[in-house]
Amino acid sequence: MPGPSALVVLLGATVLSRTGFGVLLVLGYGLGTAAALTAAGLLLARGGNRLAAVGERHLPPLRRFTPYGGLLTAPVVLTAGLGLVVRSPLPR
């Protein structure tokens, strides 16, 4: 789904009579973003268990908190999200 920056690129390219180039830029940006997110997901999916094992091996006191990782990070994510909502400007 194109964002506001894609719309600006497409409108700018249309004004310059280079619509095809604008579409190519937006398509390239979208494919690059998709590739980067896919690579990050694959790295985490394949290396996540290894990373957890290394962390448990080198930080034994944290081993007892490992099963509660999701429950411990949820309040942090919720607080960050609420902070963003509170700081965002109200629509007019």
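Not measured: the values here are computed from a predicted model.

A.B. asks: What is the right way to look at the packing of aromatic side chains in this model?
C.D. replies: In the structure shown here, the tally under the stated rule is 0 aromatic pairs. The aromatic ring of Phe21 is capped on one face by Arg18, whose charged end is 5.0 Å from the ring centroid.

A.B. asks: What exactly am I supposed to notice about the UniProt feature "transmembrane region" (unreviewed entry) in the chain here?
C.D. replies: As annotated by UniProt and renumbered to match this structure, "transmembrane region" (unreviewed entry) occupies residues 27-45 and 65-86. When the span residues 27-45 is considered, its composition is 100% helix and 0% strand, and the gap between its end C-alpha atoms is 27 Å. Here residues 65-86 is 82% helix and 0% strand, with 31 Å between the C-alpha atoms at its ends.

A.B. asks: Would you explain the environment of Ala40 in this entry?
C.D. replies: Residue position: Ala40 is located in helix α2 (residues 19-58). For the pair Ala40 and Ser88, spaced 48 residues apart in the sequence, the C-alpha separation amounts to 28 Å.

A.B. asks: Please clarify how the packing of helix α1 (residues 4-15) against α2 should be interpreted in this entry.
C.D. replies: Two numbers describe a pair of packed helices, the interaxial angle and the distance between the axes. In the contact formed by α1 and α2, the axes pass within 7 Å of each other and the chain directions differ by 160°. Regarding the angle of α1 to α2, the classification is roughly antiparallel. Here α1 and α2 pass one another in a crossing that is right-handed. Taken together, the residues of α2 that come into contact with α1 (itself represented by Ala6, Val9, Leu10, Ala13 and Thr14) are Thr19, Gly22, Val23, Leu25 and Val26. A breakdown of the residues in the contact of α1 with α2 according to their chemical character gives 7 nonpolar, 3 polar and no charged.

The rules behind these values
- Just so you know, the residues in each chain are numbered from 1, in the order the chain's sequence is written.
- In view of the model being predicted, local features appear only for residues whose pLDDT reaches at least 70, and side-chain atom pairs are presented and counted only at 80 or more, with totals across whole chains, interfaces and linings using the full set of residues.
- In computing side-chain properties, one takes all heavy atoms of the structure into account and sets aside hydrogens as well as water.
- Put simply, two rings from Phe, Tyr or Trp (the six-membered ring, in Trp's case) pair if the centres are within 6.5 Å, and we call them stacked under 30 degrees between planes, edge-to-face over 60, tilted for the rest.
- Sitting over a ring, as applied to charges here, requires NZ of Lys or CZ of Arg to be within 6 Å of the ring centre and within 35 degrees of the ring normal.
- UniProt positions are given in the numbering used here, feature names are shortened, and annotations may be inferred rather than shown by experiment.
- Strands here mean DSSP runs of E at least two residues long; helices mean DSSP runs of H or I at least four residues long; both are numbered from the N terminus.
- Only the stretch in contact is used when fitting a helix axis, every axis being a line fitted to C-alpha atoms; angles between N-to-C directions are given from 0 to 180 degrees.
- Any angle that is under 35 degrees is reported as roughly parallel, and any over 145 degrees as roughly antiparallel; angles of 65 to 115 degrees are reported as roughly perpendicular and all others as oblique.
- Working rule for handedness: look at the near helix, and if it is turned counterclockwise from the far one by less than a right angle, call the crossing left-handed; if clockwise, right-handed.
- Contacts were defined at the residue level, with two residues in contact if any of their heavy atoms lie within 4.5 Å.
- Under the grouping applied here, Gly and all other residues not named as nonpolar or charged are polar, the nonpolar ones being Ala, Val, Leu, Ile, Met, Phe, Trp, Tyr, Cys and Pro and the charged ones Asp, Glu, Lys and Arg.

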